[in-house]
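Examining the three-dimensional arrangement
Here is how the chains run, residue by residue.
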Amino acid sequence: MFKHYFEQVHNVEIWPIISLSIFFVFFVGLLVYVLRIKKDHISHMSAMPLNEDNPENDLTSSR
């Protein structure tokens, strides 16, 4: 059924190439971001939920 519709679309063979390119660029960009992020920033962000000095983490202050 869909094959008939896709046969009538002009330049339909370019869409899989475009979607693969977007997928590849997104994940390469994400990989570059993860590899370049500073390790102290990762440590700081991972410790935030456990930090009792931060009033944003206090559940009783919002009540």
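Residues numbered from 1 in each chain as written. Predicted model: local features only at pLDDT ≥ 70, side-chain atom pairs only at ≥ 80, totals over all residues. Heavy atoms only, no water.

With respect to the overall build of the protein chain
- For the protein chain, the count of helices and strands is three helices and zero strands.
- The secondary structure elements of the protein chain, listed N-terminal to C-terminal, are α-α-α.
- By the burial criterion, 3% of the 63 residues in the protein chain qualify as buried.
- Accessible surface, the protein chain as shown: approximately 6500 Å² in total, 68% of it carbon and sulfur. (Helix = DSSP H or I, 4+ residues; strand = E, 2+ residues; numbered from the N terminus. Buried < 20%, exposed > 50% of the residue type's maximum accessible area, 1.4 Å probe, protein only. Areas by Shrake-Rupley, 256 points an atom, 1.4 Å probe, with all protein chains shown as cover.)

Describing helix 2 (residues 14-36)
- In this model, helix 2 (23 residues) spans 33 Å end to end at C-alpha, consistent with the 33 Å of a helix rising 1.5 Å per residue.
- Of all the 23 residues making up helix 2, zero are buried; the element is thus mostly uncovered. (Expected span 1.5 Å × (residues − 1).)

Here we look at the packing of aromatic side chains
- Per the stated rule, a full pass over the model turns up two aromatic pairs.
- With 4.9 Å between their ring centres and 85° between their planes, Phe26 and Phe27 make a pair best called edge-to-face.
- Judged by its relative accessible area of 41%, Phe27 falls in the partly exposed class.
- Grouping aromatic residues by their ring pairs yields a cluster made of Phe23, Phe26 and Phe27. (Phe/Tyr/Trp six-rings, centres within 6.5 Å; stacked < 30°, edge-to-face > 60°.)

What to know about the confidence of the model for the protein chain
- For the protein chain, mean pLDDT is 82; residues scoring 70 or higher make up 81% of the total.
- Looking across the protein chain, the model is least confident in helix 1 (residues 2-8), with a mean pLDDT of 73, and most confident in helix 2, with 95. (pLDDT = per-residue confidence, 0-100.)

Quick word on a nonpolar patch on the surface
- Together, Leu20, Phe23, Phe26, Phe27, Leu30, Tyr33 and Val34 give the surface a local cluster of nonpolar side chains, amounting to about 740 Å² of exposed area.
- With respect to the helices and strands, the residue Phe23 is situated in helix 2.
- Under the relative-accessibility criterion, Phe23 is labelled exposed at 51%. (Patch = residues over 30% accessible without salt bridge, like charges linked within 9 Å, V, L, I, M, F, W, Y side chains within 5 Å. Salt bridge = Lys/Arg side-chain N within 4 Å of Asp/Glu carboxyl O.)

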